[in-house]
Structure formats: C-alpha cells, structure tokens
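Here's the letter readout for the chains.
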Amino acid sequence: MLMEWQQTFETGILEFDEHHKQLVDLLNMAHDGACYGAETDELDAVINELIKYTEYHFISEEYWMEEYNYPFLISHRQEHQEFTKTIVQFHNDFQQGKAHLSMEILTFLMEWFNTHILGSDAKYGAFFTTLKQNASVLP
Ligand SMILES: [Fe+2]
Ligand SMILES: [Fe+2]
C-alpha cells in the first residue's frame, strides 16, 4: 500500500469523496503491482484505469464547479490539465518501454493527489459548505 485514505480528504461532497477513495485504491493497485513484479500488461491496465478514472473525476468536478459558478474554476481546471498531461505522457513512455512504474513516479502521483485534494479540492469543499448554509435546496 502506498497511501491510506484520510478523513482530512473529505470535501463535504459525497460523490467526490467516493471518487477520491477510488483514486487512492487505484494508486495503491499500481504501487502493489509494481512492488510485486506484475506483468507489464497488468501494470498498463492499471495505469490506463487510473487515467480514465482521473479524467472522469476531473470532468465531474469541473461540471459541478460550472453549475455552481465556482470562482476558482479556471485555475482548478488548469491544475487538472497539467496533471493529465503528465500522467498521459508517462503512460506513453511506459508503453514504449522508456519509463518504468518507479517509486519516483508513484510518489509524484501520491503527492499530487495529497496536495490537490487537501488544497484545491478542499477549497471547493469550503465554498460548497458556505453555499449550503445559504440555501436549503442543495444536496
Ligand atoms: Fe480537483
Ligand atoms: Fe478531486
């Protein structure tokens, strides 16, 4: 296991908390696969799943931010885009045999999730909490 789910990750939006848990699980699967010498094909499948799920999660967050006129949508989206670019680039290198699923890349992914969830995602969590206090129609 690379990282454990922490209660401090909670954003207050159940759907996104579930997404984040899923992302932590996928990252742990990638880590465990690399540690226990999984086949390249298996690792490729996990990386692929991690990318697909990350993209789905980012789209969901951004859609929600648009829906509620979140004021920091643009910078948040930029962070998502930069991360997607990095992981897709890594995946290409991995598939061409130019990169391994190393501890270095796994640590980068873990730290990015940590920083992003506790920083930028927590920020929309706080925004949402304020919205909820001012309206009773929100989920
Ligand atoms: Fe985000
Ligand atoms: Fe997120």
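Preceding this section is the structure that the text describes.
Throughout what follows, the structure given in this document is the object of discussion.

1. Notes on helix α3 (residues 73–95)
Because an α-helix completes one turn every 3.6 residues, residues spaced three or four positions apart along the sequence face the same direction.
No. 1: If you check α3, its first and last C-alpha atoms are 32 Å apart, about what 23 residues at 1.5 Å a residue would give, namely 33 Å.
No. 2: Looking one or two residues beyond α3, the residue adopting positive phi is G97, at roughly 75°.

2. With respect to the nonpolar core
No. 1: Of all hydrophobic cores here, the largest spans 10 residues; its members are L23, V24, L27, M29, A30, V46, I47, L50, L101 and L109.
No. 2: Looking at this core, the elements with two or more residues in it are α1 (14–35) and α2 (40–67).
No. 3: A per-element tally of this core places α1 first, with five residues.
No. 4: Other than its neighbours up to four places away in sequence, L101 contacts A30, A34, L43, F94 and L106.

3. Overview of the packing of α1 against helix α4 (residues 103–134)
No. 1: The interhelical angle for the contact between α1 and α4, taken along N-to-C directions, is 165°, at an axis separation of 11 Å. For the element pair α1 / α4, the angle class is roughly antiparallel. Relative to α4, the crossing made by α1 is left-handed. Counting all contacts with α1, which are made through H20, L23, L27, A30, H31 and A34, the residues of α4 involved are L106, L109, M110, F113 and I117.
No. 2: Along the lines of polarity and charge, the residues of the contact of α1 with α4 split into nine nonpolar, two polar and no charged.

Reading the values: rules and limits
- For every chain, the first residue of its written sequence is number 1, and the numbers climb from 1 along that sequence.
- Following the order in which they are written, the chains are lettered starting with A and the ligands numbered starting with 1.
- The model is predicted, so local features are restricted to residues of pLDDT at least 70 and side-chain atom pairs to those at 80 or more, both for listing and for counting; the totals for chains, interfaces and linings are taken over all residues.
- A helix here means a DSSP run of H or I that spans at least four residues, while a strand means a run of E at least two residues long, and both kinds are numbered starting from the N terminus.
- Take the residue count of a helix, subtract one, and multiply by 1.5 Å to get its expected span.
- Take the buried Ala, Val, Leu, Ile, Met, Phe, Trp, Tyr and Cys residues, join any whose C-beta atoms are within 7 Å, and the set you get is a nonpolar core.
- As a rule, residues whose C-beta atom has 12 or fewer other C-beta atoms within 10 Å are exposed, those with 20 or more are buried, and those in between are partly exposed; C-beta atoms are placed from the backbone.
- Placing C-beta atoms from the backbone, we regard two residues as in contact once those atoms come within 7 Å.
- Here the axes come from fitting lines to C-alpha atoms, over the contacting stretch only for helices, and the angles between their N-to-C directions go from 0 to 180 degrees.
- For this classification, under 35 degrees means roughly parallel, over 145 means roughly antiparallel, 65 to 115 means roughly perpendicular, and everything else is oblique.
- In this scheme the crossing of two helices becomes right-handed for a clockwise turn of the near helix relative to the far one and left-handed for an anticlockwise turn of less than a right angle.
- Any residue that is not Ala, Val, Leu, Ile, Met, Phe, Trp, Tyr, Cys, Pro, Asp, Glu, Lys or Arg is counted as polar, Gly included; the first ten are nonpolar and the last four charged.

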